[in-house]
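# Tertiary structure, described
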Amino acid sequence: MKNILGKIKIVFLYIFIKIYFYIFDSKIMKNDKFGLTYYVWKDTRPIDTFLNKIRTDDTTVILVIKEIIKNDLIKNQKNIFFDVGAYIGIITLVFNKYCNKGTEIHSFEPFRKNFLRLKENINLNKISSIYLNNQALGDKKELVTLEDPKDPGMTKIVKKNFDNVKGSLHHDISSDSLESYVLKNNISNINLIKIDTEGYDYKVLKGSKNLLKNNQIDYLIVEYMHLTDDSNEVLRILKTNGYKIFYLLRNEGKLTDDISKINLSKSNILNILAISPIKNQTIISQLKI
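What you see is a predicted model, and the numbers here were worked out from it, not measured in a lab.

What follows is about helix H5 (residues 112-124). Its 13 residues place the ends of H5 18 Å apart at the C-alpha level, agreeing with the 18 Å of an ideal helix rising 1.5 Å per residue. On its buried side, H5 packs onto strand S2 (38-41), helix H4 (90-98), strand S4 (104-108) and strand S5 (130-133). Looking at the residues trailing H5, positive phi occurs at Lys126, about 50°.

Structure follows, in structure tokens:
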């Protein structure tokens with residue numbers, strides 16, 4: 001009986017959300033599974049968000065961030081976090097929720113529509129000590145072109161030849177390297193950086209060459225698509241600089257350093273965790289399989 005009532009409740013909730021977003025453009029999600037509050041818009045997969053009580057469907061990323069903050073970061077000391085490809089700011093909000101007061105957060109979102117929504121979510125939570133950047137990060141200073149798809153979460157940097165992306169809108173945005181940004185802002189060390197730039201992640205790492213070489217980035221969480229050229233290059237860059245690689249199992253709250261242990265037909269890997277060779281790898285032991 002409880003199962004039947006539960007299913008009926010979900011159906012009515014689904015219908016309500018469908019009708020609501022047919023009429024209105026946005027709605028506030030209050031206290032999701034991780035205690036976060038933020039706006040959700042009708043083109044940001046709102047039905048999944050409200051049915052599952054969480055905006056991202058990869059909760060493992062958030063659990064890994066919590067584990068790193070709990071076990072490694074020094075209390076009462078300014079820690080520095082980067083969110084590259086911030087979208088509407090969920091990981092930025094996670095950094096703010098679980099870190100010390102005085103933590104410095106640098107968020108980057110090149111797509112203007114997403115950037116304005118990111119600002120709305122930051123203002124909603126009244127977050128200070130945050131630097132919002134409406135720009136891209138890559139391997140050099142240049143103008144890059146963004147594709148504007150129907151799903152704003154899939155916005156990506158594309159080549160100037162648009163023959164293979166017919167029907168999409170495009171606009172240019174400035175891009176710079178992470179090293180250049182760090183130098184301008186007198187940052188000597190990054191505690192944790194999340195990079196999710198829809199296939200441009202290896203470019204961000206190329207623009208971080210000396211930071212990686214000198215172990216000035218403690219932890220990186222990077223988007224990963226198995227056996228693609230871009231992700232293979234990401235792995236090559238990180239391993240060349242001595243970083244230990246762990247594969248995050250989507251939504252399972254687990255990770256592994258041995259991909260052969262994973263049944264890839266049943267488990268999706270969307271991200272990797274890279275740990276600097278000067279850091280203690282046992283801090284994530286609670287999540288390791």
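Still more to cover.
Bridging between S4 and S5 involves four bridges; their strand directions are parallel. Looking at S5, one finds that Phe108 is bridged to Asn133. Considered for its hand, the β-α-β crossover made up of S4, H5 and S5 is right-handed.

Another point: the environment of Asn96. For Asn96, the position within the fold is in helix H4. Overall, Asn96 belongs to the partly exposed group, its relative accessible area being 34%. For Asn96 and Asn125, which are 29 residues apart along the polypeptide, the C-alpha to C-alpha distance reads 9.5 Å. Excluding residues within four positions of it along the chain, Asn96 makes contact with Ile105 and Ile127.

We now examine the sheet that holds strand S10 (residues 190-195). With respect to topology, eight strands assemble into an open sheet ordered S5-S4-S3-S10-S11-S14-S12-S13, the strand pairing being mixed. Edge positions in the sheet fall to S5 and strand S13 (254-256), since each of these pairs with one other strand and no more. Strand-to-strand twist of the sheet, defined as the mean angle between neighbouring strand axes without regard to direction, takes the value 15°. In terms of strand pairing, strand S3 (residues 80-84) meets S4 through five bridges, oriented parallel. Its bridge partner lying in S4, Val84 is registered against Phe108. Sheet contacts for H5: S4 and S5; angle to S5, the most-contacted strand, approximately 165°.

About the criteria used
- In this convention, every chain numbers its residues from 1, walking through the sequence in written order.
- Only residues with pLDDT of 70 or above have their local features reported here, since the model is predicted, and side-chain atom pairs are shown and tallied only from 80 upward, although totals for entire chains, interfaces and linings are computed over all residues.
- Each side-chain value is worked out from all heavy atoms of the structure, with water and hydrogens disregarded.
- Put simply, DSSP H or I for four residues or longer makes a helix, DSSP E for two residues or longer makes a strand, and each gets a number counted from the N terminus.
- In this scheme, a helix's expected span is set at 1.5 Å multiplied by one less than its residue total.
- Residue contacts are defined here by distance: any two heavy atoms, one from each residue, within 4.5 Å place the two residues in contact.
- Strand pairing is assigned whenever DSSP identifies at least 2 bridges connecting the two strands.
- Here the term right-handed applies to a crossover when the path leading from its first strand over the helix to its second strand runs clockwise, the strands being oriented away from the viewer.
- Accessible area is worked out with a 1.4 Å probe on protein chains only. A residue is then buried under 20% of its type maximum, exposed over 50%, and partly exposed in between.
- Note on definitions: angles span 0 to 180 degrees between N-to-C directions of axes, and those axes are lines fitted to C-alpha atoms, for helices only across the stretch in contact.

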